[in-house]
Structure formats: C-alpha cells, structure tokens
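# Observations on the model geometry
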Amino acid sequence: MVRCKQRCWRCKKNYVLADSRQRFVLCYDCQKNELSKEVKGKLKKMFDISEEFYKENIFLRDIKIKYLRFGELSDKQIEAFKRVVKEMKEKK
Ligand SMILES: [Zn+2]
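The sections below set out a description of the structure shown in this document.

Moving on to the coordination of the zinc ion. Cys8 (SG), Cys11 (SG), Cys27 (SG) and Cys30 (SG) make up the full set of protein donors to the zinc ion, lying at 2.3 Å. Here the zinc ion is ringed by four donor atoms whose angles at the metal span 104 to 114°, and the overall shape comes out tetrahedral. In the primary structure, the donors to the zinc ion are separated according to the pattern C-x2-C-x15-C-x2-C. Its relative accessible area of 1% is what places Cys8 among the buried residues. On the basis of relative accessibility, which here comes to 28%, the residue Cys11 falls in the partly exposed class.

Written as structure tokens, this is what we have:
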C-alpha cells in the first residue's frame, strides 16, 4: 500500500496520510462530528481507543464511521482494525 499526503477534499486545507488510490480523503477535523457519536453494540470496546489514534489514522476513522453508519463490519475489517491499533501501540 502506497501512502501519500493528500489534501482533504472537504476543507481543502488539511493534509491526510492515505492510500494513494483513495480518492475522497477527509481529515480528522471534518470527520470529528461523526466520530464523536456513541458506539453501540458488540464492537463498542474495540473502538474504545485513544483519540490520538483516530487523529493519526484515516483507516481507523473510516472503519469507525462505517460501523456507526451500518452497524456492522466484516471479519476482515475487524481484524484489520485490531491489527492497525496493535501496530500503533507497539510503535509508541
Ligand atoms: Zn478537512
């Protein structure tokens, strides 16, 4: 996965580190409202991680927003989310 800095397509101000194939990237500030909604259901605990992680990583933001919108995730998405969080924790 090639990661590069792209400008947020909504505010056109902040840069986001994202997959270069990803077209419509949003920065943390633009997703903040949606991200702050309460997570319910069985994955509540998984999303209970440091806000810093969501600030740093667009993938984590996207997964959380998907779950908030649709109320479910595939096993693959859950696995990937956990893996990324683990990697970020190890880096600290
Ligand atoms: Zn933005």
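The next point concerns the nonpolar core. Grouped together as the largest cluster of nonpolar side chains are 19 residues, with contacts concentrated most on Phe47, Leu60, Leu73 and Phe81. When residues of this core are traced back to their parent elements, those giving at least two are α1 (28–35), α2 (51–56), α3 (58–70) and α4 (75–91). Considering each element in turn, this core owes the most residues, five residues, to α4. Those residues within four positions of Phe81 in sequence are excluded, and the remaining contacts are Met46, Phe47, Ile49, Tyr54, Phe59, Leu60 and Ile63. Within the second largest apolar cluster, eight residues are counted, among which are Cys8, Val16, Leu26 and Ile58.

Checked against the element boundaries, Asn57 lands in the loop between α2 and α3. Contacts of Asn57, omitting those with residues within four sequence positions, involve Arg3, Val84 and Met88.

To continue, consider the pattern of salt bridges. One pass over the structure, following the stated rule, counts five salt bridges. A salt bridge links Arg69 to Glu34, with the shortest nitrogen-to-oxygen separation between them at 2.9 Å. Of the two residues, Arg69 is situated in helix α3 and Glu34 in helix α1; the sequence distance between them amounts to 35 residues. Here Arg69 falls in the exposed class, since its relative accessible area comes to 55%. Classification of Glu34 by relative accessible area gives partly exposed; the value is 21%. For the salt bridge of Lys86 with Glu90, the shortest nitrogen-to-oxygen distance reads 3.8 Å. Placement of both Lys86 and Glu90 in helix α4 is noted, with a separation of four residues, approximately one turn of the helix. For the pair Lys86 and Glu90, a shared accessibility class is recorded, and that class is exposed.

Analysis parameters
- Residues numbered from 1 in each chain as written.
- Predicted model: local features only at pLDDT ≥ 70, side-chain atom pairs only at ≥ 80, totals over all residues.
- Heavy atoms only, no water.
- Donors = N, O, S within 2.8 Å, 3.2 Å for Na, K, Ca; no water.
- Tetrahedral: all angles 85-135°; square planar, octahedral: opposite > 155°, others 65-115°.
- Buried < 20%, exposed > 50% of the residue type's maximum accessible area, 1.4 Å probe, protein only.
- Core = buried A, V, L, I, M, F, W, Y, C linked by side-chain atoms within 4.5 Å.
- Helix = DSSP H or I, 4+ residues; strand = E, 2+ residues; numbered from the N terminus.
- Contact = heavy atoms within 4.5 Å.
- Salt bridge = Lys/Arg side-chain N within 4 Å of Asp/Glu carboxyl O.

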